[in-house]
Amino acid sequence: MVKFTVEQKLQALNLLKEGYSSCSVAQIIGAGSHQTIDTWAGQYQHFGVQGLEI
């Protein structure tokens, strides 16, 4: 299982804001699944940066 830093997660979310799909972002950062990116987006939306901390 790959662990991502908060900074890496924020970079992924910035790619989403730029218009990339969650599938594309997952491929770019090597997350494996778009569901991971969607989870991060939901956590960030509800809890802010603290939601992205491990």
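Computed from a prediction, not measured in an experiment: that's the story for all the values here.

(A) Local environment of the nonpolar core. Counting residues in each nonpolar core, the largest one holds 11 residues, listed as F4, V6, A12, L13, L15, V25, A26, A31, I37, W40 and L52. If you list the elements that add at least two residues to this core, you get helix 1 (6–17), helix 2 (22–29) and helix 3 (34–47). No other element matches the 4 residues that helix 1 contributes to this core. Leaving out residues up to four positions away in the same chain, V6 has contacts with V49, L52 and E53.

(B) Just the side chain of K9, in detail. Checked against the element boundaries, K9 lands in helix 1. Buried charged residue K9 carries no salt bridge. Nearest counter-charge: E53, at 9.4 Å. Look past the residues within four positions of K9 in its chain and what remains in contact with it is F4, W40, L52 and I54.

What counts as what
- Residues numbered from 1 in each chain as written.
- Predicted model: local features only at pLDDT ≥ 70, side-chain atom pairs only at ≥ 80, totals over all residues.
- Heavy atoms only, no water.
- Core = buried A, V, L, I, M, F, W, Y, C linked by side-chain atoms within 4.5 Å.
- Buried < 20%, exposed > 50% of the residue type's maximum accessible area, 1.4 Å probe, protein only.
- Helix = DSSP H or I, 4+ residues; strand = E, 2+ residues; numbered from the N terminus.
- Contact = heavy atoms within 4.5 Å.
- Lys, Arg positive; Asp, Glu negative; His and termini not counted.
- Salt bridge = Lys/Arg side-chain N within 4 Å of Asp/Glu carboxyl O.

Note that all results are geometric; they support no functional claim without further evidence.
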